[in-house]
Amino acid sequence: MKINIINKSKHEMPAYATPLSAGVDLRANIEEAIELQPLERKLIPTGIFMALPEGYEAQIRPRSGLAAKHGITVLNTPGTIDADYRGEIKVILINLSSTPFVIEDGERICQMVIAQHAHVEWQEVDSLDETERGAGGFGHTGKI
């Protein structure tokens, strides 16, 4: 699949790290380092703009290394970029650790996964079919 992209950043185009990677890393495109204090969140620009085809979205997800090593994650994970959005991709990062974290220009801050989705047509009914689970929700199986 080909997607139109404009890279106004100082960095290379997003690329898959390995042949079987699901997502591409996005990099911070900032003029100076940004320090995130514990529990602080900031919107980080990437310099990337794109036009997704109808029926697709881009999901912005945390990078496991930043989360595990530093407590840095994407606040609204997964963030959704709709096919009709044409603005710069920006990422809401939050520091869930107890120590400040510095984001440097060019640092890989998140992953972006392109995913297909469906639009549904709602059909209002008076009842739903029965299942074994029924209305059982969070923790209903007693398993952790």
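What counts as what
- Residues numbered from 1 in each chain as written.
- Predicted model: local features only at pLDDT ≥ 70, side-chain atom pairs only at ≥ 80, totals over all residues.
- Heavy atoms only, no water.
- Helix = DSSP H or I, 4+ residues; strand = E, 2+ residues; numbered from the N terminus.
- Buried < 20%, exposed > 50% of the residue type's maximum accessible area, 1.4 Å probe, protein only.
- Polar contact = N/O pair within 3.5 Å; in protein donor to acceptor, adjacent residues only side chain to side chain.
- Contact = heavy atoms within 4.5 Å.
- Salt bridge = Lys/Arg side-chain N within 4 Å of Asp/Glu carboxyl O.
- Pairing = 2+ DSSP bridges.
- Axes fitted to C-alpha atoms, helices over the stretch in contact; angles between N-to-C directions.

Trainee: Where do I start with the side chain of arginine 63 in this structure?
Mentor: Looking at where arginine 63 falls in the secondary structure, it is placed in the loop between strand E6 (56-61) and helix H1 (64-70). Classification of arginine 63 as buried rests on a relative accessible area of 16%. Within the local environment of arginine 63, its side chain forms a polar contact with the side chain of aspartate 25, the two groups lying 3.4 Å apart. Apart from residues no more than four positions distant in its own chain, arginine 63 is found in contact with Asp25, Arg108, Ile109, Cys110 and Gln111.

Trainee: Looking at this structure, I do not really get the environment of alanine 58. What am I missing?
Mentor: With respect to the helices and strands, the residue alanine 58 is situated in strand E6. The buried category is assigned to alanine 58, whose relative accessible area is 0%. Through-space distance from the C-alpha of alanine 58 to that of aspartate 105 is 22 Å; in sequence the pair is 47 residues apart. Apart from residues lying up to four places away in sequence, alanine 58 is in contact with Met50, Leu52, Gly79, Thr80, Ile81, Met112, Val113 and Ile114.

Trainee: Which parts of the structure should I look at to understand the side chain of glutamine 59?
Mentor: Along the chain, glutamine 59 falls in strand E6. Engagement of the side chain of glutamine 59 in a polar contact is seen with the side chain of glutamate 57, the distance being 2.9 Å. Within polar-contact distance, the side chain of glutamine 59 engages the side chain of arginine 61 at 2.3 Å. Other than its neighbours up to four places away in sequence, glutamine 59 contacts Pro78, Gly79, Gln111, Met112, Val113 and Ala115.

Trainee: It is not clear to me how the pattern of salt bridges should be interpreted in this structure. Could you clarify?
Mentor: Side chains carrying opposite charge are able to pair once their charged atoms draw close together. Tallying each qualifying case throughout the model produces six salt bridges. Notably, a salt bridge pairs aspartate 105 with lysine 10, separated by 3.5 Å at the nearest N-O pair. In this pair, aspartate 105 sits in the loop between strand E10 (101-103) and strand E11 (108-116) while lysine 10 sits in the loop between strand E1 (4-7) and strand E2 (24-27), placing the two residues 95 residues apart along the sequence. Given a relative accessible area of 31%, aspartate 105 falls into the partly exposed group. Taking the shortest distance from any N to any O, the salt bridge between arginine 27 and glutamate 12 comes out at 3.1 Å.

Trainee: Just to check I follow, could you spell out the sheet that holds strand E7 (residues 72-74) for this structure?
Mentor: As summarised here, the arrangement of the three strands in space is E4-E9-E7, forming an open sheet in which the pairing is antiparallel. Sheet topology places strand E4 (41-45) and E7 at the edges, where each strand pairs with a single neighbour. Strand-to-strand, the axes of this sheet are offset by a mean angle of 35 degrees, without reference to chain direction. Where E4 and strand E9 (residues 90-95) come together, five bridges link them in antiparallel fashion. When the bridges of E9 are listed, arginine 41 appears paired with isoleucine 94.

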